[in-house]
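Listed below are the residues making up each chain.
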Amino acid sequence: MIADPLKIFVTVAELKNFSRAAEELYLSQPSVSLQIRNLENELGSKLINRSPKHLELTQAGEILYGIAKQILLLYDKAKLEINQLTNTVTGSLKVGASYTIGEYILPYALTEFVAQFPNVDIEASIANTVEITNAVRSNHLDLGLVEGEVNHADLDVQALMDDEIILVVPNQHVLAGLPVVTAEDLQDRVWILRESGSGTRDYSDKLIKEWKIDVKKTHIFGSSQAVKQAVIAGLGIALVSSWIVHKELKTKELTAIRIKDKRLVRSFSIIRPKNSEMSMAMNIFTENLLSHDLISSLIDHNQSV
């Protein structure tokens with residue numbers, strides 16, 4: 001394959017170790033070293049400085065690394081598009097999503113994908129972040145779309161988009177009339193929280209701890225929809241994804257309040273088993289998710305609701 005030498009070089013550069021790169025690529029270490037030497041001979045420049053204790057890229061190596069990453073991405077894109085010309089995409093795709101993504105983003109992403117590839121059987125699951133992560137790790141799902149941090153050595157994690165977390169309160173709440181709140185304003189309030197294992201719950205817990213907020217009482221609900229409805233009903237205040245309350249803010253069913261000197265942003269991510277063989281359906285679905293056009297259309301749809 002024409003991209004093989006570049007893939008080997010990029011792997012060595014990222015792992016900073018020839019032996020580990022060889023293991024990752026299922027090659028012998030001499031084969032990896034030979035490919036690097038061939039690249040250096042072809043380019044007429046040393047790419048890697050080696051020592052017994054560490055490995056580092058030369059200036060030429062840094063240049064090649066950045067461009068090689070782009071070339072490999074374009075090569076993969078070309079393979080996908082050529083395969084789409086010559087093959088009918090079939091098979092199945094098992095995808096899971098945490099509640100916010102599953103309820104507000106995944107349906108639109110799947111609608112676009114199914115319109116392009118109607119012969120793929122889709123199985124979608126919605127659960128909290130921990131449950132989706134565990135299902136991907138145990139190969140019950142091909143990939144997952146989750147919120148918050150995921151730290152597992154056996155998973156590839158790729159950023160999908162940013163998500164803003166906002167504070168919402170009932171319209172009749174004492175805080176609703178304030179243009180901005182401080183940590184002091186949030187003391188001794190009733191909070192509506194998601195269950196343990198939810199990415200939103202983890203985020204709320206961390207921020208309450210960081211702000212040293214004394215919580216008067218909590219009510220816990222098992223979905224983003226339930227949290228939103230609980231706030232509208234007047235049970236308490238909550239930190240939620242801006243995705244889930246855009247409509248209710250426009251119709252003035254609840255109130256969002258800015259927190260002084262704070263903008264709360266987290267990431268939505270795509271997770272999949274590391275080093276797993278990706279089917280064509282999985283590959284194309286992932287590429288579609290990462291496309292700028294899809295993300296832009298999702299944001300435009302959310303803002304127009």
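First, a word on scope: everything that follows refers to the structure included in this document. Source: prediction; values computed, not measured.

**Describing the overall build of the protein**
Now for step 1: Secondary structure summary: the protein contains 12 helices and 12 strands in total.
Now for step 2: Dimensions of the protein, computed from the C-alpha atoms along their principal axes, are close to 70 × 50 × 35 Å.
Now for step 3: Within the protein, the proportion of its 305 residues that are buried is 42%.
Now for step 4: A separation threshold of at least 6 residues defines the contact pool for the protein, and within that pool the share at least 24 residues apart is 75%.
Now for step 5: Of the roughly 16300 Å² of accessible surface on the protein, 50% is carried by carbon and sulfur atoms.

**With respect to the packing of helix 9 (residues 224-233) against helix 10 (residues 242-250)**
Now for step 1: Contact geometry for helix 9 and helix 10: axes closest at 10 Å, N-to-C directions at 35°. Where helix 9 crosses over helix 10, the two elements pack in a sense that is right-handed. Taken together, the residues of helix 10 that come into contact with helix 9 (itself represented by Ser224, Lys228 and Ile232) are Ile244, Val245 and Glu248.
Now for step 2: Considering only residue class, the contact of helix 9 with helix 10 consists of three nonpolar, one polar and two charged.

**Looking at the nonpolar core**
Now for step 1: Core analysis: the largest hydrophobic core is formed by 37 residues, its most contacted members being Phe113, Leu145, Val168, Val240 and Phe285.
Now for step 2: Among the elements that take part in this core, helix 11 (residues 280-290) stands out by supplying five residues, more than any other.
Now for step 3: Ignoring any residue separated from it by four or fewer positions in sequence, one finds Phe285 in contact with Leu93, Val95, Leu106, Ala109, Leu110, Phe113 and Leu143.
Now for step 4: Grouped together as the second largest cluster of nonpolar side chains are 21 residues, Phe18, Ala21, Val32 and Ile48 included.

**Comments concerning the pattern of salt bridges**
Now for step 1: In total, this model carries nine salt bridges according to the counting rule given.
Now for step 2: Residue Glu164 is joined to Arg263 by a salt bridge in which the shortest nitrogen-to-oxygen separation is 3.7 Å. Of the two residues, Glu164 is situated in strand 6 (residues 155-169) and Arg263 in the loop between strand 11 (255-259) and strand 12 (264-273); the sequence distance between them amounts to 99 residues.
Now for step 3: The exposure class of Glu164 is partly exposed, given its relative accessible area of 29%.
Now for step 4: Among the residues examined, Arg263 registers a relative accessible area of 61% and is labelled exposed.

**Some thoughts on unusual backbone geometry**
Now for step 1: Despite not being glycine, Tyr26 has its phi angle at roughly 55°, a positive value.
Now for step 2: Tracing the backbone through its elements, the reader meets Tyr26 in the loop between helix 2 (18-25) and helix 3 (29-43).
Now for step 3: In this structure Tyr26 comes out as exposed when scored by relative accessible area, which is 72%.
Now for step 4: A positive phi angle, near 60°, is found at Lys252, a position not held by glycine.
Now for step 5: As for its placement among the helices and strands, Lys252 is situated in the loop between helix 10 and strand 11.
Now for step 6: By relative accessible area, Lys252 is classed as exposed at 64%.

**Quick notes on helix 3**
Now for step 1: Compared with the 21 Å implied by 1.5 Å per residue over 15 residues, the 21 Å span of helix 3 between its first and last C-alpha is a close match.
Now for step 2: For helix 3, every residue scored as buried is listed here: Val32, Ser33, Ile36, Leu39 and Glu40. Angularly, the buried residues of helix 3 cover 120° about the axis, an arc narrow enough to put them on a single face. Turned more than 90 degrees off the buried face of helix 3, the exposed positions are Pro30, Asn41 and Glu42.

**Details of the side chain of Thr255**
Now for step 1: Considering the arrangement of structural elements, one finds Thr255 in strand 11.
Now for step 2: Assessed through its relative accessible area of 18%, Thr255 is described here as buried.
Now for step 3: Side-chain polar atoms of Thr255 contact the side chain of Asn171, separated by 2.8 Å.
Now for step 4: Apart from residues lying up to four places away in sequence, Thr255 is in contact with Leu167, Val168, Val169, Asn171, Ala176 and Leu249.

**Notes on the packing of helix 6 (residues 106-116) against helix 11**
Now for step 1: Two elements in contact, helix 6 and helix 11, have axes whose closest approach is 11 Å; the angle formed by their N-to-C orientations is 125°. As summarised for this structure, helix 6 and helix 11 are arranged oblique, according to the angle between their axes. The two elements helix 6 and helix 11 meet at a crossing, and its hand is right-handed. The residues of helix 11 that touch helix 6, namely those facing Leu106, Ala109, Leu110, Phe113 and Gln116, are Ala281, Ile284, Phe285, Asn288 and Leu289.

**Observations concerning the environment of His54**
Now for step 1: Inspection of the secondary structure assignment puts His54 in the loop between strand 1 (48-50) and strand 2 (55-57).
Now for step 2: Given a relative accessible area of 45%, His54 falls into the partly exposed group.

Parameters and conventions
Residues numbered from 1 in each chain as written. Predicted model: local features only at pLDDT ≥ 70, side-chain atom pairs only at ≥ 80, totals over all residues. Heavy atoms only, no water. Helix = DSSP H or I, 4+ residues; strand = E, 2+ residues; numbered from the N terminus. Buried < 20%, exposed > 50% of the residue type's maximum accessible area, 1.4 Å probe, protein only. Contact = heavy atoms within 4.5 Å. Areas by Shrake-Rupley, 256 points an atom, 1.4 Å probe, with all protein chains shown as cover. Axes fitted to C-alpha atoms, helices over the stretch in contact; angles between N-to-C directions. Left-handed = near helix turned anticlockwise from the far one by under 90°. Nonpolar A, V, L, I, M, F, W, Y, C, P; charged D, E, K, R; others polar. Core = buried A, V, L, I, M, F, W, Y, C linked by side-chain atoms within 4.5 Å. Salt bridge = Lys/Arg side-chain N within 4 Å of Asp/Glu carboxyl O. Expected span 1.5 Å × (residues − 1). Arc of directions from axis to C-beta. Polar contact = N/O pair within 3.5 Å; in protein donor to acceptor, adjacent residues only side chain to side chain. Parallel < 35°, antiparallel > 145°, perpendicular 65-115°, else oblique.

Everything listed is a geometric property; what it means functionally is a separate question.
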